[in-house]
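# Close look at the chain arrangement
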Amino acid sequence: MNAHYELPLEDAGYSFGFLDEYAKKEVRRCILKAIAIPGYQTPYASREMPMGRGFGTGGLQLTLSLIGADDTLKVIDQGSDDSVNAVNLRQFVQLTCPGVAVTEKTQEATLIQSRHRIPEKMLTEQQILVLQVPYPDALVVVEPSEARRKVMHGEADYSRLLVKLYEDVVRFDEITISHRYPTRLNGHYVIDPSPIPRWDVPRLHQSPALVLLGAGREKKIYAVPPYTVAEPLVFDDIAFRVEDFRDANGQRIACRCCGSTVSFLDELIDDAGNVTHQCSDSSYCEEEQETISARKQA
Amino acid sequence: MSNKILSVRGLSRIHGEQCPLCISSTGPEHDTNICPHCGSVVAAHDVNFDLYRGEILGIIGESGSGKSSTVKMLYFDEEPTAGSATFYDGGVQHDMFALNAAQQRSMRNKRFGMVYQNPHLGLNFQISAGGNIAERLLMSDLRHYEEIRTRAGDLLARTEVSRARMDKNPKTFSGGMQQRVQIAKALATQPPLLFLDEVTTGLDLSVQAAILDLILEIQHELGTAMIVVTHDLGVIRLLAGRTLVMKHGRVIGSGLTDQILEDPQHAYTQRLVASAL
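Residues numbered from 1 in each chain as written. Chains lettered and ligands numbered in written order. Predicted model: local features only at pLDDT ≥ 70, side-chain atom pairs only at ≥ 80, totals over all residues.

## Considerations on the interface of chain B and chain A
Residue-level contacts link 17 residues of chain B with 14 residues of chain A. For the side of chain B that touches chain A, the secondary-structure elements that each account for two or more residues are helix 2 (101-110), helix 4 (129-139) and helix 5 (145-158) of chain B. A total of six residues in the side of chain B that touches chain A trace back to one element, the largest contributor, which is helix 4 of chain B. (Contact = placed C-beta atoms within 7 Å. Helix = DSSP H or I, 4+ residues; strand = E, 2+ residues; numbered from the N terminus.)

And the structure:
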């Protein structure tokens, strides 16, 4: 978006947060329903937004319905505050919600909209995490008909999803789902936790912060309320595994910038073909670097 | 305690809008199951029978006589228009058609087994043979991978499918083997009641014999009650102790299989037996 773009004068009568009050009210009602039934995909009337469906319109509508003038917003895309999607969404909110503060620091934000990552830093009860979701239904890989999927969800019939895991273990000796790992809430509904890596799935479990998931194109809202049981779907004798960041010698790879050995890493390959690793969460990485330099000075 | 496992009373299935004359103007004596007044199809009407533990009941009749419809209703594949069925399980009586959808699904997955004529109906051809059996075990809340593997392997071995082919897709199997995988799948939860719908139709004679042997062995070993639907008198003679004869949606004869075959009472049954011998 052009930084100097202003809304045309005759359209400047937009209400706070771009959406009209009735639209925001409807989204809020659906959010309440989604929180009341953890994991249930609540249908809502996803509005046309001034950006293509699939660019985070679901998450954006949640954010715009929740945000108030005293909120501090953080927007990230795959862990980064500076990628195109994050910058565009942040500028849009700044344009349409006067008075809202923005930040890149996880702990300062009251509302975090994210694409495909949960921040490294533990969230608190005072924060809400909004995730952008492309495909809300975990059952879509085994059942094409939405009507039948709804019945399967209602009856908590996830055996066919487990058969897919079984077939994976038979063929590859491990479960091959890298992201969108099916996760069961409160022992009933199985959700698609948006394309977060496996690394982030255990952090949905008993999360102090409210996690809301919005799919704009598929017109669904669902939620992981604070302190909810969230278990990845697995077999009793095959434990859930997160990404393994060890090198050939079994040594945990460190971030090339901050040296952290406890964060989720992105693999980078430079022009010469060298492989390096760097924290995926840029805000976390910068803070680590600051702590290190402060320690050096002291 | 009675050994009864299933009791069916007045089971009916009518397709289409019904009129008061549907029942009185269809059936064997009218030589049709299509109502001449409203065009509804009376697939089955007033089917009554009891089934006891470990017993094999045969249902025989020509195409469109309502024998498959009867079994499909009992397996919840189709909804009956009227009638009731009571399933006796571990001292508990279940009024089958009064259960809600989730209870019906659970009964179907855990307490019943079904083997279809066409393996495409009973098996998922996108996944391995072992996966097909695993699906039923997972439905009955078994979540232990190694145990699922062992039990699926045992079941396949029991139905004479080699363990080496367990992880192969059933698409690559012969017709007889696919049928054996279906039987293994149906038996996975050790159900007390098994439905067999034309299981040997379309298989060559030696394979038919092997499958029938297998079914008899299972009955002796596990004491599973079965309802066998077929149009093949040989299958009935070999398997079933008691038999129902159906025509145009009605039961026109029932009794011990030997009685039905050696001393047929109804004209249709006489013709059926005569044509087969």
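## Overview of unusual backbone geometry
Of note, Gln 206 of chain A is a non-glycine position whose phi angle comes to about 55 degrees, a positive value. Note that Gln 206 of chain A resides in the loop between strand 7 (190-191) and strand 8 (210-215). Looking at Gln 206 of chain A, the number of C-beta atoms within 10 Å reads 12, which means it is exposed. The phi torsion at His 248 of chain B lies on the positive side, around 45 degrees, for a residue other than glycine. Within the secondary structure, His 248 of chain B is located in the loop between strand 9 (242-247) and strand 10 (250-256). Assessed through the 24 C-beta atoms surrounding it within 10 Å, His 248 of chain B is described here as buried. (Buried ≥ 20, exposed ≤ 12 C-beta atoms within 10 Å, placed from the backbone.)

## Topic: the nonpolar core
Nonpolar side chains tend toward joint burial in soluble globular proteins. Residues and elements named next belong to chain A. Residues Val 211 and Leu 212 are the most contacted members of the largest nonpolar core, which totals 128 residues. Excluding anything up to four places from it in sequence, Val 211 contacts Leu 129, Leu 131, Leu 204, Ala 223 and Val 224. Within the second largest apolar cluster, six residues are counted, among which are Cys 255, Phe 264, Leu 265 and Cys 279. (Core = buried A, V, L, I, M, F, W, Y, C linked by C-beta atoms within 7 Å.)

## Considerations on helix 3 (residues 84-96) of chain A
Residue and element names in this part refer to chain A. Here helix 3 spans 18 Å end to end across 13 residues, near enough to the 18 Å set by a 1.5 Å rise per residue. Listed in full, the buried residues belonging to helix 3 are Asn 85, Ala 86, Leu 89, Arg 90, Phe 92 and Val 93. Summarising the axial view, the buried residues of helix 3 lie within an arc of 160 degrees, below the 170-degree limit, and thus occupy one face. Tucked into the core, helix 3 has its buried residues touching helix 2 (57-66), strand 2 (72-77), strand 3 (101-102) and strand 4 (111-115). (Expected span 1.5 Å × (residues − 1). Arc of directions from axis to C-beta.)

## Overview of the domain arrangement of chain B
Residues and elements named next belong to chain B. For chain B, the assigned domains are domain 1 (4-111 + 191-276) and domain 2 (127-190). Between domain 1 and domain 2, the C-alpha centre-to-centre distance is 27 Å. Of all the secondary structure elements, the ones that give two or more residues to the side of domain 1 that touches domain 2 are helix 2 and helix 7 (205-222). Among the elements that line the side of domain 1 that touches domain 2, the one with the most residues is helix 7, at six residues. When the residues that make up the side of domain 1 that touches domain 2 are grouped by side-chain class, the tally is 10 nonpolar, two polar and one charged. (Domains from an automatic or database assignment. Nonpolar A, V, L, I, M, F, W, Y, C, P; charged D, E, K, R; others polar.)

## Some words on the pairing of strand 2 of chain A
Residues and elements named next belong to chain A. Where burial is concerned, most of strand 2 is hidden: five out of the six residues are buried. Relative to strand 3, strand 2 is paired through two bridges, and the arrangement is parallel. By the bridge assignment for strand 3, Leu 73 is matched with Val 102. Across five bridges, the pairing between strand 2 and strand 4 is parallel. Paired with Asp 77 across the two strands is Arg 115, which belongs to strand 4. (Pairing = 2+ DSSP bridges.)

## Points about the sheet that holds strand 7 (residues 193-197) of chain B
Residue and element names in this part refer to chain B. With respect to topology, six strands assemble into an open sheet ordered 6-7-8-3-9-10, the strand pairing being mixed. Unpaired on one side and paired on the other, strand 6 (112-115) and strand 10 mark the two borders of the sheet. The sheet shows a mean angle of 15 degrees between the axes of neighbouring strands, direction not considered. Direction of pairing for strand 3 (residues 56-61) relative to strand 8 (residues 225-230): parallel, over a ladder of five bridges. Its bridge partner being in strand 8, Gly 58 is matched across the sheet by Val 228. (Axes fitted to C-alpha atoms, helices over the stretch in contact; angles between N-to-C directions.)

## A few points about the packing of helix 1 (residues 21-36) of chain A against helix 2 of chain A
All names here are of chain A. Look at helix 1 against helix 2: their axes get within 9 Å of each other, and the N-to-C directions meet at 105 degrees. Classified by the interaxial angle, the pair formed by helix 1 and helix 2 is roughly perpendicular. Each of Lys 24, Val 27, Arg 28 and Ile 31 in helix 1 lies in contact with helix 2, whose residues at this interface are Gln 61, Leu 62, Leu 64 and Ser 65. Taken together, the residues of the contact of helix 1 with helix 2 sort by class into four nonpolar, two polar and two charged. (Parallel < 35°, antiparallel > 145°, perpendicular 65-115°, else oblique.)

## Details of the environment of Lys 25 of chain A
Summarising the element assignment, Lys 25 of chain A is placed in helix 1. Sequence separation of Lys 25 of chain A and Leu 66 of chain A is 41 residues, and the distance between their C-alpha atoms is 9.7 Å.

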